Amino acid sequence: MNYQVLARKWRPHNFTEVVGQEHVVKSLINALQHNRLHHAYLFTGTRGVGKTTIARILAKAINCENLQDFNPCGVCSVCRELDEGRFLDLIEVDAASRTKVEDTRDLLDNAQYAPSHGRYKVYIIDEVHMLSGHSFNALLKTLEEPPPHVKFLLATTDPHKIPVTVLSRCLQFNLKRLLPAQIFSQMEFILQQENIEFEAAALKLLSRAADGSMRDGLSLLDQAIVYGNGKVPTEDVRAMLGTVALQPVDDLLIALAQGDAAAILDKINEIANLTPDFSDVLQQMLQILHRVALIQQIPTAVDHDFDIDMIAALASQLSPEDVQLFYQIGLVGQRDLSLAPDPRSGFEMVMLRMLTFKPVTLQQSPVQSVNIQQVTPKSPIKTVLSVVETVPRKEASVAVASGGESDWLSMIVAMKLNGMTREFANNCVLESIDDKVCTLIIDPDYIRSARSEEVLQKALQAYRGTPVNLVVKAKKTTIDTPAVQLTKEREDKQQASVDAINSDHNIQALKDHFDARVLPGTIEPV
Ligand SMILES: Nc1ncnc2c1ncn2[C@@H]1O[C@H](COP(=O)(O)OP(=O)(O)O)[C@@H](O)[C@H]1O
Ligand SMILES: [Mg+2]
Ligand SMILES: [Zn+2]
C-alpha cells in the first residue's frame, strides 16, 4: 500500500479546513463576496504555515462553478481537476527551480491567451524571491498591465528579497506561525480520523517541536507513527525527539525549589539518558522561569503553551527573588556552557550554582552580579560587561521588639506575602507573638488598609497553623522595620558593588586602554 505523508494527505481543500490564518481567510472571502479580487496577491510567512495551501484554495475559489458560502465546492470539474493537479488554467511554478529569465518569459508570454476552461488563468509562483533580476522584470511587466483574465498568487518565505516595484503591485498577506495549541488540535483531529492511538502528552511534545510550522509538525508525526509502530506514545516521542520532554525539566525545577541536591542530580542523570542538547534543556528551563516570574506578578498572565498547574505550583514554591536569581544564573550558564569540559558537567554546575545561591535563609551569601555599560568615545561600539562575583554579606539583623521568638523578616519571607500586604508587613515591627495574639507596631503616619491587615492575619494563621489574632498598634518606635533594614542593606550592597567595580583591575585596564568610563548610576547589584 502506498503511504501518503500526512502533510499531503491532509492539505486543506477549502477555507474552512485551514487552521488559523483567520485574518487572511476572512479578507479573501470578503473579496470574493464583493467581487473585489485584486489581480496579484503575495503570501508571506515561514515554511509550512499554509501559503501554498491558501493560494491553491483561492485559485479554486476564483474558478469554482458552484461556490458554497464562498468556499470552493470540491465537486465541480474545476475543483476536482485542481485538486488532482490537472487543471489547465492553473500554472504553478516553483521559482526555486526555474530562475532563468527565459523560463519566466515563456511562462508569462502565455498570460495573454484566454483561459481554456475556467474564468481565470491563475499563476502560482512559489518561493518567488528566488527569481533572478531579469525574471522579476518580466514579471513586473505583466503585473503592470495584467490581462483581465489573469491572477497572480505569489508566495515567499523571504519578502525582503523581492523588489519593491513588485511588492507595490501586490496585496500582501503575512501568514502567522501556528501556535502549539493549533498544531496540537490538528494532529489530534488527523489521528482520530486515521484511527491511530496516541497519548496527548506525545502530541504536546510534537506540536512544540514543530516550532510554528504545521508541515514540520505533521512530518514529525509521520516519523513518530513509524517509530511507535503505528501508535504515538509519549515515551517513544520523547526518545525520538531526543530533546527533553518537559516533564524532567519540570521535575528538575521542583527539586530545585525544594533544595534537594540528590534529586537534582538524579533528574540530570535521567535527562542525560535521553542524550539531549543541554543548552536546549537550559533554554526550556529559562522559558519556564520566565512564565513563573510573569505569573507571580500578574496571576492572569496564563499561556496555554505551558502546563499551567506546574507553573502555578512553581510560582507558589519559589519566591520571586529565587526565580530572578535562577534565571540570571541560567542565562549566564547558557553562555558558559560551551566552555565547560562537557555539556553535562557544565549543566550540573549551573544547577548546583542555583542551589548554592538559593537565598533560603538570609544568612547565606548571595551571588552578586554587576552590570556596567562601558562606552568608548573613540568608537561607536558599546559593550555591556557583566561581572559576576560573590560578595560576603552582613548577617541580617533581626527586628524583634521584645521577647518575640522569631525573626519578623524571615516570617514575612516564609509567609510569601505579596504586594500591599508585604509592603505593610515590612513597615511593621513585631512586638510579640504567642499562641493567640500577634502584636505589631506601625508608625502612626503609615496609611493603613484594612484589607492588608486581613490578608496578613490569614497568612499568619496559615503560617502558625492555629487561629491568631492580629493586633496592630500605631506608635513610634526606634527599632528598624524590615523596610528600613532592607533599604540599609540595599545601600550597603550598592556601595559594595561600586567598590567592587572601582577596584576591579579589568575595569581599570579598560579605562586605561580604551578611555572607558563607568556610566554614573549604571552599577547595580542583582
Ligand atoms: N494553516 C494550515 N492549516 C492546516 N494545515 C496546514 C496549514 N498550513 C500548513 N498545513 C499543512 O502543511 C502542509 C504544507 O503547507 P503549505 O501550504 O504547502 O505550506 P507553505 O506555507 O510552506 O506553502 C499542508 O499540506 C498541510 O497539511
Ligand atoms: Mg509552499
Ligand atoms: Zn467547485
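The paragraphs below set out a description of the structure included in this document.

Describing the site of ligand 1
Residues in close proximity to ligand 1 total 17 residues, the closest being Ala-7, Gly-48, Thr-52, Thr-53 and Arg-215. Between ligand 1 and the protein, one listed contact pairs an oxygen atom with a backbone N or O atom of Val-49 at 3.1 Å. Separating a nitrogen atom of ligand 1 from a backbone N or O atom of Gly-50 is a distance of 3.1 Å. Contact with the protein chains covers 97% of the free accessible surface of ligand 1, which is 550 Å². Those elements giving two or more residues to the shell around ligand 1 turn out to be helix H3 (51–63) and helix H10 (214–227). When grouped by side-chain class, the residues that make up the shell around ligand 1 number 8 nonpolar, 5 polar and 4 charged. Residue assignment places the shell around ligand 1 across two domains, with domain 1 (6–174) and domain 2 (180–241) each supplying three or more.

Considerations on the pattern of salt bridges
Under the defined criterion, the tally for this structure stands at 22 salt bridges. Close ionic contact of Asp-211 with Arg-177 constitutes a salt bridge, the shortest N to O distance being 2.9 Å. Residue Asp-211 is found in the loop between helix H9 (200–209) and H10, and its partner Arg-177 is found in the loop between strand E5 (171–174) and helix H8 (180–194); the two are separated by 34 residues along the sequence. Asp-211 gets classed as partly exposed once you look at its relative accessible area, which sits at 40%. A salt bridge links Glu-321 to Arg-422, with the nearest nitrogen and oxygen atoms 3.9 Å apart. Placement of the pair is Glu-321 in helix H16 (residues 320–336) and Arg-422 in helix H19 (residues 419–426), with a sequence separation of 101 residues.

Looking at the coordination of the zinc ion (ligand 3)
Looking at the zinc ion (ligand 3), one finds its protein donor set to be Cys-64 (SG), Cys-73 (SG), Cys-76 (SG) and Cys-79 (SG), positioned 2.2 to 2.4 Å from the metal centre. Considering all 4 donor atoms around the zinc ion (ligand 3), the spread of angles at the metal, 103 to 116°, places the coordination shape in the tetrahedral class. One chain supplies every donor to the zinc ion (ligand 3), and in sequence these donors are spaced C-x8-C-x2-C-x2-C. Each member of the pair Cys-64 and Cys-73 is classed as buried.

As for the packing of H19 against helix H20 (residues 450–464)
One can describe the packing of H19 onto H20 by two numbers: an axis separation of 9 Å at closest approach and a directional angle of 85°. One way to sum up the angle between H19 and H20 is to call them roughly perpendicular. Contacts between H19 and H20 involve Met-420, Thr-421, Phe-424 and Ala-425 from the former and Ser-452, Glu-453, Val-455 and Leu-456 from the latter. In the contact of H19 with H20, the residues fall into 5 nonpolar, 2 polar and 1 charged.

Describing the sheet that holds strand E3 (residues 121–126)
Strand order in the open sheet formed by 5 strands is E2-E3-E4-E1-E5, with parallel pairing between adjacent strands. Each edge of the open sheet carries a strand with a single partner, namely strand E2 (90–94) and E5. When the angles between neighbouring strand axes are averaged without regard to direction, this sheet yields 15°. Here 5 bridges tie strand E1 (residues 40–44) to strand E4 (residues 150–156), and the two strands are oriented parallel to one another. In the sheet register, Leu-42 faces E4, and the bridge partner there is Leu-154. Where helix H2 (residues 22–33) meets the sheet, it contacts E1 and E5, and its direction lies at approximately 150° from that of E5.

Things to note about H20
For H20, built from 15 residues, the straight-helix expectation of 21 Å at 1.5 Å per residue is met to within 8% by its first-to-last C-alpha distance of 21 Å. Listing the buried residues of H20 in full gives Ser-452, Glu-453, Leu-456, Ala-459 and Leu-460. For H20, the arc enclosing every buried residue in end-on projection is 125°, short of the 170-degree limit, so these residues lie on one face. Summarising the geometry of H20, the exposed residues directed more than 90 degrees from the buried face are Ala-450, Arg-451, Lys-458 and Ala-462.

Remarks on the nonpolar core
Judged by nonpolar contacts, the single largest core of 35 residues is most densely connected at Met-285, Phe-347 and Met-351. Top element by residues in this core is helix H14 (residues 278–297). It accounts for 9 residues. Apart from the residues within four sequence positions on either side, Phe-347 is in contact with Leu-252, Ile-268, Phe-278, Val-281, Leu-282, Met-285 and Leu-337. Ile-62, Val-78, Leu-82 and Leu-175 belong to the second largest nonpolar core, which has 31 residues in total.

Notes on the side chain of Thr-156
Assignment of secondary structure puts Thr-156 in strand E4. In this structure the side chain of Thr-156 is engaged in a polar contact, spanning 2.6 Å, whose partner is the side chain of His-129. Once you skip the residues sitting within four places of it in the chain, Thr-156 turns out to touch Leu-42, Phe-43, Thr-44, Gly-45, Lys-51, Glu-127, Val-128, His-129 and Ile-162.

Here we look at the environment of Asp-69
By the secondary structure assignment, Asp-69 is in the loop between H3 and helix H4 (77–83). Considered as a pair, Asp-69 and Ile-29 are 40 residues apart in the sequence and their alpha carbons are 8.7 Å apart.

So, how was this worked out
Residues numbered from 1 in each chain as written. Chains lettered and ligands numbered in written order. Predicted model: local features only at pLDDT ≥ 70, side-chain atom pairs only at ≥ 80, totals over all residues. Heavy atoms only, no water. Near = heavy atom within 4 Å. Polar contact = N/O pair within 3.5 Å; in protein donor to acceptor, adjacent residues only side chain to side chain. Areas by Shrake-Rupley, 256 points an atom, 1.4 Å probe, with all protein chains shown as cover. Helix = DSSP H or I, 4+ residues; strand = E, 2+ residues; numbered from the N terminus. Nonpolar A, V, L, I, M, F, W, Y, C, P; charged D, E, K, R; others polar. Domains from an automatic or database assignment. Salt bridge = Lys/Arg side-chain N within 4 Å of Asp/Glu carboxyl O. Buried < 20%, exposed > 50% of the residue type's maximum accessible area, 1.4 Å probe, protein only. Donors = N, O, S within 2.8 Å, 3.2 Å for Na, K, Ca; no water. Tetrahedral: all angles 85-135°; square planar, octahedral: opposite > 155°, others 65-115°. Axes fitted to C-alpha atoms, helices over the stretch in contact; angles between N-to-C directions. Parallel < 35°, antiparallel > 145°, perpendicular 65-115°, else oblique. Contact = heavy atoms within 4.5 Å. Pairing = 2+ DSSP bridges. Expected span 1.5 Å × (residues − 1). Arc of directions from axis to C-beta. Core = buried A, V, L, I, M, F, W, Y, C linked by side-chain atoms within 4.5 Å.

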